[in-house]
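Architecture at a glance
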Amino acid sequence: MLTIIGVRFKPVGKIYYFDPLKFRVKAGDHVIVETVRGVEYGEVVFSPRKIKEEEMDTPLKGIIRPATKADDERNEENKQKEKEAFGICLEKIKKHKLEMTLLDVEYTFDGNKIVFNFSAEGRVDFRELVKDLATVFRTRIELRQIGVRDEFKSRGSVGMCGRDICCSQFLGEFAPVSIKMAKEQGLSLNPTKISGVCGRLMCCLRYEQESYDELLRTTPHPGSIVKTPAGRGTVDSISLLKGKLKVKIDSSGETTLREFDKSEVKVIKRTDHRRHHEPHDPELNKLED
């Protein structure tokens, strides 16, 4: 068994796992750790817990130490430097007439690197900008172009539900969302109805998908041949949440459409529901990542 803690470097950022080693740390404490970007200052978001070794797909690093008062002060200094660096970078972007939007600046805890996150419509040649920034700050400079989802996560906004968008409030990382989910949930495929403020599919489409997957698994799909109290028939349409089926029944040369609870029917021949998902409009592809 392994002992792990979860650490975040941003308020609503991805959780990374570390070994607390011999140190006693708990949720809410701050720690100093080494990451691929360098030495970082992070917050423990869950206290030590045990997991099986096979649950970790990458080697687990140990923390360097719990943060000291001096570390806390240095982190605050870095935050102030980030604000100053943001203003300087804006001036340099304007000087080089670059079509890009600066979103935020991140200093590594040890000051060995400064990361400037930005968004842009297309590719940006920022080589001269990097040279300028390196001359000013005399440290390693990284300009990172982020996607539209991350842009709105950083900026924040209000969704069509009237609440702050999920990604800026509690989603540590993005999970894949697809048009197939909207179809299986019986939603309108009108882009304005299923896309968020970022112009991509709403993250909340995923929240209930597991329930829909289970309902689809246990409900006969349109085209399935079923046995009903009124005789044998073909499923015409389904209401997943209500558990109701409309079945075409052939009797005495006439076809009637009857509604049954799914518990009342027995499947004779099931169709694959994926056959009923025709390729969607290419325009809808733009909503997916």
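Structure: above.
Okay, so let's go over this structure.

**Notes on the side chain of Gln 185**
Considering the arrangement of structural elements, one finds Gln 185 in the loop between helix H5 (179-184) and helix H6 (191-194). For Gln 185, a relative accessible area of 13% corresponds to the buried category. Apart from the residues lying within four places of it in its own chain, the contact partners of Gln 185 are Leu 205, Gln 209 and Tyr 212.

**A closer look at the environment of Val 265**
By secondary structure assignment, the location of Val 265 is in the loop between strand S12 (254-261) and strand S13 (266-269). On the accessibility criterion, Val 265 (13% relative accessible area) is buried. Val 265 sits 40 residues away from Ile 225 along the chain, and the two C-alpha atoms are 9.9 Å apart. Discounting residues that sit within four places of it in the chain, Val 265 has contacts with Pro 220, Val 226, Lys 227, Thr 228, Leu 245 and Phe 260.

**Quick notes on the pairing of strand S10 (residues 231-239)**
With four bridges connecting them, strand S9 (residues 225-228) and S10 associate as antiparallel partners. Following the sheet pairing, Val 226 is matched in S10 by Gly 233. Between the end of S9 and the start of S10, which pair antiparallel, lie two residues. Relative to strand S11 (residues 244-251), S10 runs antiparallel, the two being bridged by six bridges. Note that in S11 the partner of Ser 237 across the bridge is Lys 246.

**Some points on the packing of helix H1 (residues 69-95) against helix H2 (residues 127-137)**
The contact between H1 and H2 brings their axes to 10 Å, and the two run at 145°. Judged by the sense of rotation from one axis to the other, the crossing of H1 with H2 is right-handed. Only Leu 129, Asp 132, Leu 133, Val 136 and Phe 137 of H2 make contact with H1, whose side of the interface consists of Ala 85, Ile 88, Cys 89, Lys 92, Ile 93 and Lys 95. Residue composition of the contact of H1 with H2, grouped by class: eight nonpolar, no polar and three charged.

**Side note on the sheet that holds strand S8 (residues 140-145)**
Overall, mixed pairing links the three strands, which are arranged S6-S7-S8 in an open sheet. Both edges of this open sheet fall to strand S6 (101-107) and S8, since each of them pairs with a single strand only. In this sheet, adjacent strand axes meet at a mean angle of 20° when their direction is disregarded. The pairing of strand S7 (residues 113-119) with S8 spans six bridges and is parallel. For Asn 117, the partnering residue across the bridge sits in S8 and is Arg 144. Seen against the sheet, H1 touches S6 and S7 and runs at an angle of roughly 145° to S6.

**Some words on the environment of Lys 81**
Within the secondary structure, Lys 81 sits in helix H1. Sequence spacing of Lys 81 and Tyr 107 is 26 residues, and the spatial spacing of their C-alpha atoms is 7.9 Å.

**So, the nonpolar core**
Most often, soluble globular proteins have nonpolar side chains that are buried together. Residues Met 100, Phe 116, Leu 133, Phe 137 and Leu 143 are the most contacted members of the largest nonpolar core, which totals 17 residues. Those elements that place two or more of their residues in this core are H1, S6, S7, H2 and S8. Sequence-distant contacts of Phe 137, that is, excluding residues within four places in its chain, are made with Ala 85, Ile 88, Tyr 107, Ile 114 and Phe 116.

**A word on the side chain of Glu 82**
Locating Glu 82 in the fold gives a position in helix H1. For the buried Glu 82, no salt bridge exists, and the shortest N-O distance to an oppositely charged side chain is 7.2 Å, to Arg 37. Reaching out from Glu 82, the side chain makes a polar contact with the backbone nitrogen of Tyr 107 at a distance of 2.9 Å. Aside from chain neighbours lying at most four places away, what touches Glu 82 is Val 105, Glu 106 and Tyr 107.

Rules and cut-offs
- Residues numbered from 1 in each chain as written.
- Predicted model: local features only at pLDDT ≥ 70, side-chain atom pairs only at ≥ 80, totals over all residues.
- Heavy atoms only, no water.
- Helix = DSSP H or I, 4+ residues; strand = E, 2+ residues; numbered from the N terminus.
- Buried < 20%, exposed > 50% of the residue type's maximum accessible area, 1.4 Å probe, protein only.
- Contact = heavy atoms within 4.5 Å.
- Pairing = 2+ DSSP bridges.
- Axes fitted to C-alpha atoms, helices over the stretch in contact; angles between N-to-C directions.
- Left-handed = near helix turned anticlockwise from the far one by under 90°.
- Nonpolar A, V, L, I, M, F, W, Y, C, P; charged D, E, K, R; others polar.
- Core = buried A, V, L, I, M, F, W, Y, C linked by side-chain atoms within 4.5 Å.
- Lys, Arg positive; Asp, Glu negative; His and termini not counted.
- Salt bridge = Lys/Arg side-chain N within 4 Å of Asp/Glu carboxyl O.
- Polar contact = N/O pair within 3.5 Å; in protein donor to acceptor, adjacent residues only side chain to side chain.

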